[in-house]
Amino acid sequence: MYTEKVMDHFENPRNVGEIENPDGVGQVGNPTCGDIMKIYLKVKDNVIEDVKFKTFGCGAAIATSSMVTEMVKGKSLDEALKISNKMVAEALGGLPPKKMHCSNLAADALQAAIQDYMDKQEKK
Amino acid sequence: MRRVYFDHSATTPVRPDVADEMCAFLKENFGNPTSLHYFGRQARKEVEAAREKVAAAIGATPNEIVFTSGGTESDNMAIHGVAMINKNKGNHIITSAVEHHAVINTVKALGKEGFTVTILPVDKYGMVSVDDVAAAITDKTILITIMHANNEVGTIMPIKEIGSLARSKGITMHTDAVQSFGKIPFSVEELGVDLLTISGHKIYGPKGVGALYIRKGTRWKQSLFHGGAQERLRRAGTENVPGIVGLGKAAELAIRDLQSEAEHLKALRDRLIHEVTTKIDYVKLTGHPTMRLPNHASFTFEFIEGESMLLSLDLKGVAASSGSACTSGSLEPSHVLLAMGIPHEIAHGSIRITLGRDNTMEDIDYFLEIMPPIVNRLRAMSPLDQE
Amino acid sequence: MRRVYFDHSATTPVRPDVADEMCAFLKENFGNPTSLHYFGRQARKEVEAAREKVAAAIGATPNEIVFTSGGTESDNMAIHGVAMINKNKGNHIITSAVEHHAVINTVKALGKEGFTVTILPVDKYGMVSVDDVAAAITDKTILITIMHANNEVGTIMPIKEIGSLARSKGITMHTDAVQSFGKIPFSVEELGVDLLTISGHKIYGPKGVGALYIRKGTRWKQSLFHGGAQERLRRAGTENVPGIVGLGKAAELAIRDLQSEAEHLKALRDRLIHEVTTKIDYVKLTGHPTMRLPNHASFTFEFIEGESMLLSLDLKGVAASSGSACTSGSLEPSHVLLAMGIPHEIAHGSIRITLGRDNTMEDIDYFLEIMPPIVNRLRAMSPLDQE
Ligand SMILES: Cc1ncc(COP(=O)(O)O)c(C=O)c1O
Ligand SMILES: Cc1ncc(COP(=O)(O)O)c(C=O)c1O
Ligand code: FES
Ligand code: FES
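Okay, so let's go over this structure. Throughout this document, residue positions are counted from 1 along each chain, in the order its sequence is written. The lettering of chains begins at A and the numbering of ligands begins at 1, in the order of writing. It should be noted that, the model being predicted, local features are given only for residues of pLDDT at least 70 and side-chain atom pairs only at 80 or more, the latter also being counted only at that level, while totals for whole chains, interfaces and linings use all residues. The side-chain figures draw on all heavy atoms in the structure; neither hydrogens nor water molecules are used.

Right, let's talk about the overall build of chain A for a bit. Looking only at helices and strands, one finds five helices and three strands in chain A. Where helices and strands are cited, they refer to DSSP runs of H or I of at least four residues and of E of at least two residues respectively, numbered from the N terminus. Put simply, chain A runs from its N terminus to its C terminus through helices and strands in the order α-β-β-β-α-α-α-α. Radius of gyration: over C-alpha atoms. The globule rule applied is 2.2 Å multiplied by the number of residues raised to the 0.38 power. In terms of C-alpha radius of gyration, chain A reaches 13 Å, essentially the compact-globule figure of 14 Å for 124 residues. A principal-axis box enclosing the C-alpha atoms of chain A has dimensions of 45 × 30 × 20 Å. Partly exposed describes any residue whose relative accessible area lies between the buried limit of under 20% and the exposed limit of over 50%, with all areas from a 1.4 Å probe on protein chains only and scaled to the type maximum. Of all 124 residues assigned to chain A, the portion counted as buried reaches 48%. Contacts were defined at the residue level, with two residues in contact if any of their heavy atoms lie within 4.5 Å. The long-range fraction of contacts in chain A, counting pairs at least 24 apart against all pairs at least 6 apart in sequence, stands at 60%. Under the counting rule used here, the positive set is Lys and Arg, the negative set is Asp and Glu, and His together with the chain ends is not counted. For the purpose of locating charges, the reference atoms are NZ of Lys, CZ of Arg, CG of Asp and CD of Glu. One finds the centroid of the 16 positive side-chain charges in chain A at a distance of 2 Å from the centroid of its 18 negative side-chain charges.

In structure tokens form, the structure reads like this:
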């Protein structure tokens, strides 16, 4: 059902955890649906210096969270904002059709975290 | 890698004796039982011998057994056939909220065709109450269909009481015994049911074959398949002879070994339940603590999701399931767990371990060794775990 | 005693290669293809490989193949599913008078539920005319279901012409190809049909498994079984995995060997037909003289009755049939022969010899040796024989 890449990210997820005093946090999903993703960002000079995630969800949810963090680490915010759910799924070698919404979540959580960072910047 | 199969409610391996008999059959005895000639008669003899075995296993007479393509077909055939013949008499059907999809979806489909449906709630153990059944009965009730044992949480229902209630009111009673057959002793007489479903692949027999018991005199009609006159006009289509032979043999062996198997399974199950619920935090047994199938252990693990547990177990060679196999492709949490009042987010963290005759205490030990680190790892990743 | 099997339209022996593959499967690979774990994935892989084989054998894509419990279920599922989804669009169904009971009884049942049914006549060869189909079409016609080759008389119908007619009118077209599949070459593209039925046990595969081809985009809905989400919601119930594997293998081999088998069968058939019709009096070939299945010979013998011929043949070790195996339990003469205009008393004297891959010229010789004395003996007993 899952590609080797998905299973690799599921088994050895990259960037799991939390960042203390993050510059941005995004959370999407809710426990009723069975999925919650939370992404923490550390940003410096418009570049994502560090990123971590926590996920409650299925194998695809965990793998897409891990993948998206790997994809954005070291990227500029502009580049990161361009990451779509399709890109995440493609980077994983594809997802089963029923699991595409999991990759949506990952992309959404990332966008939410970036938005949170930008909102905080504005307030400063 | 060590491979441990803990998903016997989804399907079971075919017993070697059953497989051998079927293989001999596949290679030698191929006649169509409807044919009059030698080859046909040879096949017919074996079909009827299998029918006797299945009948004996549930305390029925052979004429009351109809062979089908599986539990799903038997359930559909039972419910639809009773509804169709009684539609001028009444239009009310009673079922429960925790039935298998083969029952619940069939009843719901009838609900769209002019039938009124009562879906009874269950208690926190997944149990239907006899009082609720009694209260639901109206003078339009034509069918009560409630499963004997639940596939997801292993709870055994009070079918004997519901059966005699139905009988006292003159209402036809069907039970889906796919999960209980071969695991707990019963007879159709004792249960007092008019129709009863079994399936081959849950009792170490073949997939693609099942049976429906239809008590002599039951108002029921063939309404699913139109075609040839097979099974005394009760089920059209060339009989799956090797499958039927396998089902007969599997039924016979299941009953022969029932007592000893049950003891073996209970010993494993009880240790598993005890250790999991004491060694791991935020775990609950789902289903009834005592009125449950001897091979069935099901749990919810808070803060983590079922599929990720299954994948982690699978990576260690352990095959388990989350909810019923039929729904694990979907994103909905199990309708059974929700009906039991388990909140959505906890229902998502369900896991089902169903043991079988080849499992050993070493298998349980292995599970108990690998499960805590899996739970810890996933909880560490979870934004829900507050500790 | 020498045993000769001449009833391959009723059912066929499972090919050794197919049986071996199924047996290995029964013993080793038992997972439920719906399960996510290793055992489930192993089973899934095999189901999908079989689907590719079946699809390739009829020129379809794998997604267009749904596995069922046999030809009867496929026919019911095809017809009912098209009728149910189109019932607001139209209510007219066209079929022929010589269909298998799985088709004709399904269509007749719909006739009782508000559908209008046209049952087309056939000519003396059992052939439907394309003009009759064209004339029967109305703007309420939603389905044409006409078999590819007839099981009782072997006649091959002009499905290609009917298929393109249906397509030009935007009407859904189903054909029952249970008898033609593996015996004459075709593809669903060439036939231009939207749905097509096949069955495992007629092509040296297992009983209790079949398939329905549903062309992508066809207006059809699942309406027979309610239950789990198997077969992409098109057929509920745990898949008969060993059966499906057997069907896949049998389909692959049938197509691989089709050409050489057909030559072998035709040689046997043509000698049989020639000798029987020249050596025995008052015998007629039934069905089309040339547009017929390569393995199919069917006759009427005047003054005598089919069953007594079958029994006499059986006593000499030869297995044949009279009419279709499905109706040979009934006293009615074959509806197919009657539709062809054969008088009742002659229709009762029908016999069907359907050859298979293991038959030899010696089998034909043996039949030609024993048949004349049987006919003579029965005719001597018959009050109808005027000579
Ligand atoms: C309680 C119950 N009923 C019916 C079924 C359906 O049986 P089958 O898989 O043979 O169609 C199952 C198994 O999936 C089951 O557990
Ligand atoms: C033309 C035709 N259609 C349908 C069927 C039914 O197939 P099955 O026996 O697999 O149900 C048969 C065989 O009996 C047949 O000959
Ligand atoms: S997180 Fe919902 S199915 Fe993947
Ligand atoms: S003579 Fe016996 S069936 Fe008619």
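Picking up after the structure, the text goes on.
Here the focus is the nonpolar core. Ranked by size, the top nonpolar core spans 124 residues in total, and within it B:Ile144, B:Ile146, B:Leu196, C:Ile144, C:Ile146 and C:Leu196 carry the most contacts. Of all hydrophobic cores here, the second largest spans 69 residues; its members include A:Phe53, A:Ala113, B:Val4 and B:Leu310. The term nonpolar core refers to a set of buried residues drawn from Ala, Val, Leu, Ile, Met, Phe, Trp, Tyr and Cys, joined through side-chain atoms within 4.5 Å.

All right, on to the interface of chain C and chain B then. Facing the 59 residues of chain C at the interface are 59 residues of chain B. We define buried area as the total accessible area lost by two parts upon association, computed with a 1.4 Å probe and summed across both. Taken over both partners, the interface formed by chain C and chain B buries close to 4,900 Å², and the fraction arising from carbon and sulfur atoms is 66%. The working definition used for a salt bridge is a side-chain nitrogen of Lys or Arg within 4 Å of a carboxyl oxygen of Asp or Glu. Scanning the region where chain C abuts chain B turns up four salt bridges. The partner of B:Lys27 in a salt bridge is C:Asp20, with the nearest N and O atoms 3.0 Å apart. Polar contact is defined as a pair of N or O atoms within 3.5 Å, subject to the rule that within protein one atom must be able to donate a hydrogen and the other to accept it, and that residues adjacent in sequence are counted only when both atoms are side-chain atoms. For the pair chain C and chain B, the number of links is 21 residue pairs in polar contact (both at pLDDT 80 or more). At the level of secondary structure, the elements contributing two or more residues to the side of chain C that touches chain B comprise strand S1 (4-5), helix H1 (16-28), helix H2 (38-58), helix H3 (71-86), helix H4 (101-111) and helix H10 (306-315) of chain C. At six residues, the largest contribution of residues to the side of chain C that touches chain B is made by H1(C). Each residue is assigned to one of three groups, with Ala, Val, Leu, Ile, Met, Phe, Trp, Tyr, Cys and Pro labelled nonpolar, Asp, Glu, Lys and Arg labelled charged, and all others, Gly among them, labelled polar. Along the lines of polarity and charge, the residues of the side of chain C that touches chain B split into 25 nonpolar, 23 polar and 11 charged.

A separate point is the sheet that holds strand S5 (residues 141-145) of chain C. Residue and element names in this part refer to chain C. Whether two strands pair depends on DSSP finding at least two bridges between them. An order of S2-S8-S7-S6-S5-S3-S4 is seen for the seven strands of this open sheet, with the pairing classed as mixed. Where the open sheet ends on each side, the last strands, each with one partner, are strand S2 (65-68) and strand S4 (116-120). Direction aside, the axes of adjacent strands within the sheet are offset by 20 degrees on average. Note: strand S6 (residues 172-176) against strand S7 (residues 195-199), three bridges, orientation parallel. When the sheet's bridge partners are listed, Asp176 is paired in S7 with Thr197. Taken strand by strand, H2 contacts S2, S7 and strand S8 (210-214), and its axis lies near 115 degrees from that of S2. Lying on the sheet, H3 is in contact with S2, strand S3 (92-96), S5, S6, S7 and S8; it crosses S7 at an angle near 160 degrees. Angles here are taken between N-to-C directions and fall from 0 to 180 degrees, while the axes themselves are lines fitted to C-alpha atoms, restricted in helices to the stretch in contact.

Read these as geometric descriptors, not functional statements.
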